[in-house]
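# Summary of the model geometry
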Amino acid sequence: MITDTPEAWDVVESKERFRGHIIRVVTDTVKMPREEVADRDYVVHPGSVAVLALDEQDRVLMIRQYRHPTRRLMWELPAGIRDVEGESLVSGAARELAEEAGYRAATWHTLVDLHSSPGMSDERIRVFLARELSKIPDEENGFVHRHEEIDMPVEWVPLADAVEKALMGMIHNSPAVAGILAAYAASVEGFALLRPADAPEE
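Residues numbered from 1 in each chain as written. Predicted model: local features only at pLDDT ≥ 70, side-chain atom pairs only at ≥ 80, totals over all residues. Heavy atoms only, no water.

## Regarding the pattern of salt bridges
Operational definition: What makes a salt bridge here is a side-chain nitrogen of Lys or Arg within 4 Å of a carboxyl oxygen of Asp or Glu, nothing more. Only protein chains enter the calculation, and the probe is 1.4 Å; a residue is then buried if its accessible area is under 20% of its type maximum, exposed if over 50%, and partly exposed in between.
The full count for this structure, using the stated rule, is 13 salt bridges. For Glu 96, the salt bridge is made with Arg 95, and the minimal N-O distance between the two is 3.3 Å. Taking the relative accessible area as the measure of exposure, Glu 96 reaches 7% and is therefore buried. The network of salt bridges with common partners includes Asp 83, Glu 87, Arg 95, Glu 96 and Glu 99.

This is how it looks when you write it as structure tokens:
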């Protein structure tokens, strides 16, 4: 059966190399097969959520944000870090959709789960599908945009066009690419095969 399964190899030693506001970098000395050991450096990350918001015309809500490590303005889905203690994943996703794009959704499903870069980070990302969208009136949305989120445009992209842009190398953000392709695939079955919004992470 093709499914990722939990497994943890023995860690002989673990050293923290860096601690920042959000992430840590650690080196684990891991016991490998045949009694060998090897050091593995990786980023410890709290995890993220992202939202593929799809309107009644099958258009994807996308935002553009500056990403300093890549030195690019990148087209992305509304997304954010899991940084509110006790908040469910879908509640966090709804908060990000409201804060970054000014929309709410009546229907939510789990679209796809992914590890952003499993060879170098433990970050987990859950991408939700949000539908039955409505604009939040400005007077109800008191979120103040700062830093990279200032002047962040919102664009509606037809789902088929978004797929083409992802495949042509015009969209690079990993949860955006995964979410766009997953939504396109799921639309074939009318989204009937998607997991509920509160599905456990495997």
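Now that the structure has been shown, the text picks up again.
## What about the sheet that holds strand S3 (residues 37-44)?
For clarity, the cut-off: What makes two strands pair is DSSP finding at least two bridges between them. Secondary structure follows DSSP: runs of H or I at least 4 residues long count as helices, runs of E at least 2 residues long count as strands, and numbering of each begins at the N terminus. Axis lines are fitted to C-alpha atoms, over the contacting stretch for helices. Their N-to-C directions set the angle, which ranges from 0 to 180 degrees.
Taking strand neighbours across the sheet as the criterion, the three strands line up as S1-S2-S3 in an open arrangement whose pairing is antiparallel. Of all the strands in the sheet, the pair left with one neighbour each is strand S1 (11-19) and S3. Each strand axis lies, on average, 20° off the axis of its neighbour in the sheet, ignoring direction. Bridge count between S1 and strand S2 (residues 24-31): seven bridges; the pairing is antiparallel. Each bridged residue has a counterpart across the sheet, and for Phe 18 the counterpart in S2 is Val 25.

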